[in-house]
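# Working through the structure, step by step
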Amino acid sequence: MNKSKLLLLSSVAVVVVAGVVGWMVTRHGSDAYLRALPTDATALARLDVMEIVDEADLSKQEQLQLLRRLTDSDGKIGFDLSRPLYGFVAPDGNFGCVASVGDKGDLNAFCENLHRQGKASEVTHQRGYAWTTVQQQWLLAYDAHTALFMGPAVGAAQDPLRNEMYRLLEQGKTTDGQTRRLMERLDMNDEPFMAVLTPEVMPQTVRRYLWKMHVSSAEDALLEVMLDADDNELVLENKLIPLNQTVKDELARLQALMRPVKADLIDHAHADHVAWLTVNVKGQTLLEALRTVKTIRTALVALNLTFDADRILQAVDGDVAIELPRLSDILNPGSTALQNVSLTAKVANTNFLQGATSWGNNVMGVRALSPTDFALDFGLSPMYFGVKGNTFYLAPHQGPSTEGNPYLHHQRDDIRGERLYATVALSSLRGMMDMTGGAGTLLDAFERLDVEMEDVGDFDVKFIAPEGTNIAKKLLLNE
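Below you will find a few notes about this structure. (Residues numbered from 1 in each chain as written. Predicted model: local features only at pLDDT ≥ 70, side-chain atom pairs only at ≥ 80, totals over all residues. Heavy atoms only, no water.)

## A word on the pattern of salt bridges
In plain terms, the rule: Salt bridges are counted wherever a side-chain nitrogen of Lys or Arg sits within 4 Å of a carboxyl oxygen of Asp or Glu. Numbered from the N terminus, helices here are DSSP runs of H or I no shorter than four residues, and strands are runs of E no shorter than two. Only protein chains enter the accessibility calculation, which uses a 1.4 Å probe; a residue whose area is less than 20% of its type maximum is buried, one above 50% is exposed, and one in between is partly exposed.
Under the definition given, this model contains 13 salt bridges. One salt bridge connects Arg83 with Asp31, and the closest N-O pair in it is separated by 2.3 Å. Taken together, the residues span a long stretch of sequence, with Arg83 in the loop between helix H3 (60–70) and strand S2 (85–89) and Asp31 in the loop between helix H1 (3–22) and strand S1 (43–47) at a distance of 52 residues. Look at Arg83 and you get buried, because its relative accessible area is 18%. A salt bridge links Arg181 to Glu219; the shortest N-O distance between them is 3.8 Å. Note that Arg181 is positioned in helix H6 (residues 177–186) and Glu219 in the loop between helix H7 (204–212) and strand S9 (221–230), a separation of 38 residues in sequence. Accessibility expressed as a relative area gives 55% for Glu219, which makes it exposed.

This is how it looks when you write it as C-alpha cells:
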C-alpha cells in the first residue's frame, strides 16, 4: 500500500475517533449505505468504531481529552457510527470508505469547519449530493443516508473519479460480484477491524511469495486480516484462505515440512537476546526443499566449499532455533553478519563431525578444540560450532548458551505445538534506535513482538505491552 493510501487511512482514523468521542446517542440505521460499495473491489475492510471505544474503556474526561486533541469541532461529525465503516480498494487502485449518515446537518457543519481550517474545499451541491475535497486529493460525497470517500486524485483526475462516485451512490442495488464474496468472509467474524484482500492488491514482494504457493488471483486464495486489542496485546491475525485444490495441496506440503515445535531449545537462548525464532524440521526433507530454490541452491554450493553444510542439514531432526544474541554484538563494528547470529538444532547423529578438521579454505580455517567442538577462524574473532549431547550449535562462543531467557521460559507451553514461533525484544531495538539517533514510534508502547503460526498459512502477530496496560486506551490517548 503506497504512502497516499496510508495517509488516507490515518486521516479517516482521526475523523472516526473524533466522531466516536462526540457521539452521545447510539443510533440504529439500515445497511442501505453498503449499496455504494463497488461490485468488483479488490479488498474490503470493516471497522466497528463503537467496539474499539468500548474496548478502550474511556471515561468522560478521557473522551473530552481525545476530542480536543483530534479536532477543533464539537465532535458532531454527522456519521452514524453505530454502523460499521467499510473501506475498499477499487480495481483502479483508488481507496474508498463508505459510512452511514446519521445527521446531514452535523456533517455539513463538520465539512464547513474543515473548510475554515484550510483542510477541505467549500461544500458544493451537485446531482443531489454534497461534495467537498479533503486535503486537495480525497473526494467526499454524501446525502442524508450515505457518505462516500474516495481518492487519491489530483486536478483533472478528480472529474472521472467524481463520475465514478456518483455511479456508485446511484447503484440502487445491494453489493454483488466479488464484493459479495468478500463481504461474506467479513460476516464470518466479529472483530473490531477485519479486512479481506485479494492477491491482486498485495505488494509485489508479497505476491512473489504467493506465486510460489500457486496463488496469483482471487480464484486461488484470499487473505483475511483481523486486528483486535486484548488487554495488553494488540493482535494482528492473518489467514490465507485456499480456494482450489492446488493451493490446498501446497499448504498441506508445507504443513508436513514444518512439524510442531517441541520447545526443546529454549534453555539455550541468551538472557537478553534481540530476536529468537524456532521451527521443527527433518533435515533431509528441508534440504530437498531448499535445493528447489535456485538462489538457495547456489548458496548451499558456496557453503559446501568451506564446510559440509549438506551433511549438517541431513543430520537435523527436531527443533531448530536462530537467535540474534545481544545488542552490543550487533553494534560492534568489527563483527560480521555471521558473528551476530547463534544457531542451535537437534540432530539425529554426529557423523558430519568426522571430517570437520578438513573443512575450511584460504579465507576461513577450522581448528579442533575437542572431538565435538571446533573454531572457525575468520575476521577479528572466531565462530564456534560443535555438538553437545544431541544439540548442534553455531555461535560466537564455544558451546550452546546455558543462560536461559526468562520470557521464553514463561512462554514455553504456548510455544510448544506451534509450527513457527518468533519473538523480538522491542525494548532492545529501542535502545539501538536511541544509540543511532532514531526517532520514537508507536512501538514505544510495546515490550515484545511475537509471531505465532500454529498452522501454515494462519499466523498471528502480537504486539505486547507491559502487564496491566489497556493497549486500546493507551494508543487512542497516546499516553
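## Observations regarding the pairing of strand S14 (residues 365–370)
Definition in use: In short, DSSP must find at least two bridges between two strands for them to pair.
As judged from the five bridges shared by S14 and strand S15 (residues 373–377), these two strands associate in the antiparallel manner. Note on S15: the bridge partner recorded for Val366 is Leu376.

## A closer look at empty space enclosed by the protein
Using the following cut-off: Buried and open spaces are told apart on a 1 Å grid over the protein atoms alone, a cavity being a set of points where a 1.4 Å probe fits but cannot get out and a pocket being an open set with protein on both sides within 12 Å along at least five of seven lines. Residues with an atom within 4 Å of a point are the lining residues. Grid points are joined across faces, edges and corners, and a volume is the space filled by probe spheres set on the points. Following the grouping adopted for this structure description, the nonpolar residues are Ala, Val, Leu, Ile, Met, Phe, Trp, Tyr, Cys and Pro, the charged ones are Asp, Glu, Lys and Arg, and the polar ones are all others, Gly among them.
Considering all chains together, one arrives at one cavity of 30 Å³ or more under this definition. What the largest cavity holds in volume is close to 80 Å³. Surrounding the largest cavity, 16 residues form its lining, His268, His270, Glu323, Ser342 and Thr344 being those nearest its centre. At the level of secondary structure, the elements contributing two or more residues to the lining of the largest cavity comprise strand S12 (316–324), strand S13 (342–347) and strand S17 (391–395). Taken together, the residues of the lining of the largest cavity break down into nine nonpolar, six polar and one charged.

## Topic: the nonpolar core
Under the convention used in this document: Take the buried residues of types Ala, Val, Leu, Ile, Met, Phe, Trp, Tyr and Cys, join any two whose side-chain atoms come within 4.5 Å, and each joined set is a nonpolar core. Two residues qualify as a contact provided that any one of their heavy atoms is within 4.5 Å of a heavy atom in the partner residue.
Counting 65 residues, the largest nonpolar core has Val347, Phe352, Trp359, Leu376, Phe385, Phe392 and Phe446 as the members making the most contacts within it. Filtering out sequence-adjacent residues up to four positions away, Val347 remains in contact with Ala315, Val316, Asp317, Phe352, Val387, Asn390 and Phe392. Counting 30 residues, the second-largest nonpolar core is a separate cluster that includes Tyr33, Leu168, Leu182 and Met226.

## Here we look at the packing of aromatic side chains
The criterion, for reference: Note on aromatic pairs: the rings of Phe, Tyr and Trp (six-membered ring only in Trp) are paired at centre separations within 6.5 Å, and the planes decide the class, stacked below 30 degrees, edge-to-face beyond 60, tilted for the rest. Note on geometry: a ring has a charge over it if NZ (lysine) or CZ (arginine) is within 6 Å of the ring centre and within 35 degrees of the ring normal.
Applying the stated criterion to the full structure yields eight aromatic pairs. Aromatic side chains Phe307 and Trp359 sit 6.1 Å apart centroid to centroid with 40° between the ring planes, which places their arrangement in the tilted category. With a gap of 52 residues between them, Phe307 in the loop between helix H10 (294–304) and helix H11 (309–315) and Trp359 in the loop between S13 and S14 connect regions that are remote in the sequence. Residue Phe307 shares its accessibility class with Trp359, and that shared class is buried. Between Trp359 and Phe385, the aromatic rings sit 5.6 Å apart at their centres with planes inclined by 20°, giving stacked as the arrangement. Taken as a pair, Trp359 in the loop between S13 and S14 and Phe385 in strand S16 (residues 383–388) lie far apart in primary sequence, 26 residues in all. Judged on exposure class, the residue Trp359 and its partner Phe385 are both buried. Among the aromatic side chains, those forming a connected cluster through ring pairs are Phe307, Trp359, Phe374 and Phe385. When the ring centre of Tyr166 is taken as origin, the NZ or CZ atom of Arg127, which lies over that ring, is 4.1 Å away.

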